[in-house]
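# Analysis of the macromolecular model
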Amino acid sequence: MLGKTANGLFWMYRGLERAENTARLIETGQRIALTRLGSTDDEWRSVLQTAGSLNGFEQRHDQVTKDAAINWLLRERENPSSVLSSVEHARHNARMVRTALTGEVWEAVNGAYMTVKEVLARKISERDLPGALGMIRQRAGLVRGATHGTMLRNDIYDFARIGTFLERADNTARIIDVKYYVLLPSVTSVGTSLDNVQWETILRSVSARGGFRMEYGASTEPRDIAQFLILNRRMPRSLAFCAHKLRDNLGYLASEYGHSAASYAKVDHIERAYLSFDIDAVFDYGLHEYIQKMLAMLSELGQQIELDYRFYE
């Protein structure tokens, strides 16, 4: 495999995952607004902060408003992480690696691009926003389904999965951190019914509510929810699940090419040192501090994976 092919696959699937995750984050912002009394547009500053888009937004806008924030996250081409930019970037990379994809995957990616471009050609009204966000999630799911159903389990598939799970882990960490950026303006809310509603909002944002109920029943304990989203190895958006899949696919590449790259050692360290203990240790460390540490390590891992492309040529 050429390094540029690995790069194209990696960023194609990161872009698609980022588009879906940005849609989920906007939906989270909408839901948490319903749990706040006297909420203001300034709350969307925290959503932008969580998405890593605040600096770019502030360079082009005088103040944060709900409409401007949603528009920036959804359809602004000047925002490289907007849904529209992410899908365009994914399709661009898909075209570069067209011969590495099955026809079904290419059609799903191209269809996602055409639909998203059409829907986001104009500003989305609040009434139409839920439908638009659902469409984005659905289109990303179609590409994922085509990938699982038609792609050979080879190095091409490994890079597709690596891009997906690195981006997904980053997103789950960011959505957990919304709890500290956006929710609970006062420590007096901790342990209240408001606290429980907001934690359930976090579950909904990563499509984890049903799975959580299967594991914990009617529990709304923050520790149980954090345990599920961080350390549960069967929950497909948890940090532990994503890290395990990254380790698996990097391991498959190591076996195929006869070389264990530095990125494999990094994800192995993340899994063993930060995702192998119980949730009480996470809370003792400080949940916000723990998530910030995870985000930093995931960023370093992504950079190392790109440096390691040369081993797969």
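Given the structure is predicted, the values throughout are model-derived calculations rather than measurements. Here, residues in each chain are numbered from 1, in the same order as that chain's written sequence. The model is predicted, so local features are restricted to residues of pLDDT at least 70 and side-chain atom pairs to those at 80 or more, both for listing and for counting; the totals for chains, interfaces and linings are taken over all residues. Side-chain metrics rest on all non-hydrogen atoms present in the structure, leaving aside hydrogens and water.

## Topic: the overall build of the protein
We count it as follows: A run of H or I in DSSP becomes a helix once it reaches four residues, and a run of E becomes a strand once it reaches two; helices and strands are each numbered from the N terminus. Buried residues are those whose accessible area, probed at 1.4 Å on protein chains only, stays under 20% of the maximum for their type, while exposed residues exceed 50% and partly exposed ones sit between those limits. The Shrake-Rupley method, run with a 1.4 Å probe, gives the accessible areas here. Residue values count only the displayed protein chains as cover.
Summing up its helical and strand segments, the protein has 15 helices and zero strands in all. Here the protein, with 313 residues, has 54% of them falling under the buried criterion. Here the protein has roughly 14000 Å² of accessible surface; of this, 48% comes from carbon and sulfur atoms.

## Concerning the packing of aromatic side chains
Selection criterion: Only rings of Phe, Tyr and Trp enter the pairing, Trp through its six-membered ring, and a pair is recorded when the two centres are within 6.5 Å. The plane angle decides the type: under 30 degrees is stacked, over 60 is edge-to-face, the rest tilted.
Inspection of every chain in the model, using the stated rule, returns nine aromatic pairs. Here F165 and F241 contribute two aromatic rings whose centre-to-centre distance is 5.9 Å and whose plane-to-plane angle is 55°, an arrangement assigned as tilted. Taken as a pair, F165 in helix α8 (residues 155-181) and F241 in helix α12 (residues 239-257) lie far apart in primary sequence, 76 residues in all. Both residues of the pair, F165 and F241, belong to the buried class.

## Considering helix α15 (residues 287-307)
Inclusion rule: Each helix should span, by expectation, one fewer than its residue count multiplied by 1.5 Å.
Taking 1.5 Å as the rise per residue, α15 with 21 residues should run 30 Å; its terminal C-alpha atoms sit 30 Å apart, in good agreement. Among all positions of α15, only L287, Y290, I291, M294, L295, M297, L298, L301, G302, Q304 and I305 are buried.

## Points about the nonpolar core
Quick note on the threshold: Residues enter a nonpolar core if they are buried and are Ala, Val, Leu, Ile, Met, Phe, Trp, Tyr or Cys, with the set joined through side-chain atoms within 4.5 Å. Contacts: residue pairs with any heavy atoms within 4.5 Å of one another.
With 95 residues, the main nonpolar core has L74, L229, I230, L239, L275, Y290 and I291 as its most contacted residues. Aside from chain neighbours lying at most four places away, what touches L74 is I26, S82, V83, L84, L120, I124, L129, L133 and I136.

## Considering unusual backbone geometry
Despite not being glycine, S207 has its phi angle at roughly 55°, a positive value. With relative accessibility at 54%, the residue S207 sits in the exposed group.

## Remarks on the pattern of salt bridges
For clarity, the threshold we go by: Any carboxyl oxygen of Asp or Glu that lies within 4 Å of a side-chain nitrogen of Lys or Arg is treated as forming a salt bridge with it.
Under the criterion given, the structure shown has 21 salt bridges. Of the charged contacts in the structure, one is a salt bridge between R168 and E17, with a shortest N-O distance of 2.9 Å. Here R168 is found in helix α8, whereas its partner E17 is found in helix α1 (residues 3-33), with 151 residues between them in sequence. Here R168 and E17 have matching classes, each one buried. The closest approach of N and O atoms between E27 and R137, which form a salt bridge, is 3.4 Å. Highlighted residues: E27 in helix α1 and R137 in helix α7 (residues 129-150), separated in sequence by 110 residues. Where salt bridges share partners, they join E17, E20, R24, R144, R168 and R237 into one cluster.

## Some remarks on the packing of helix α10 (residues 209-216) against helix α11 (residues 222-230)
If you want to describe how two helices pack, look at the angle between their axes and the distance between the axes. This is how it is decided: In this analysis, axes come from line fits to C-alpha atoms, helices being fitted only over the stretch in contact, and the angle between any two N-to-C directions falls in the range 0 to 180 degrees. Definitions for this section: a left-handed crossing has its near helix turned counterclockwise from the far helix by less than a right angle. A right-handed crossing has that turn clockwise. Three categories are distinguished: nonpolar for Ala, Val, Leu, Ile, Met, Phe, Trp, Tyr, Cys and Pro, charged for Asp, Glu, Lys and Arg, and polar for the others, with Gly belonging to the last.
Taken N-terminus to C-terminus, the directions of α10 and α11 make an angle of 115°; their axes are 11 Å apart at the nearest point. Where α10 crosses over α11, the handedness of that crossing is right-handed. When α10 is examined against α11, the residues G211, F212, E215 and Y216 are found in contact with a partner set consisting of D224, I225, Q227 and F228. Among the residues forming the contact of α10 with α11, the class breakdown is four nonpolar, two polar and two charged.

## Points about the environment of F57
By secondary structure assignment, the location of F57 is in helix α3 (residues 54-60). Taking the C-alpha atoms as reference points, F57 and L73, separated by 16 residues in sequence, lie 9.2 Å from one another.

## Quick look at the environment of Y274
Structurally, Y274 is set in helix α13 (residues 262-274). C-alpha separation for the pair Y274 and K293, spaced 19 residues apart in sequence, amounts to 9.5 Å. Ignoring any residue separated from it by four or fewer positions in sequence, one finds Y274 in contact with L231, H269, Y290, K293, M294 and M297.

## Focus on the confidence of the model for the protein
Rules: Looking at any residue, its pLDDT shows the predictor's confidence there, from 0 to 100.
Scored by pLDDT, the protein has a mean of 89; 90% of the residues are at 70 or more. Of the regions scoring below 50 in pLDDT, residues 183-190 engages in 14 contacts with residues more than four places distant in sequence or in other chains.

## Quick look at the packing of α1 against helix α5 (residues 83-96)
Defined as follows: For classification purposes, an angle smaller than 35 degrees is called roughly parallel, one larger than 145 roughly antiparallel, one from 65 to 115 roughly perpendicular, and anything else oblique.
At a closest axis distance of 8 Å, the pairing of α1 and α5 adopts a crossing angle of 160°. Classed by the angle they form, the pair α1 and α5 counts as roughly antiparallel. Between α1 and α5 lies a crossing of left-handed hand. Here N7, G8, W11, M12, G15, L16, R18, A19, T22 and A23 of α1 come into contact with α5, specifically with V83, S86, V87, H89, A90, N93 and A94. Looking at side-chain class alone, the contact of α1 with α5 contains nine nonpolar, seven polar and one charged residues.

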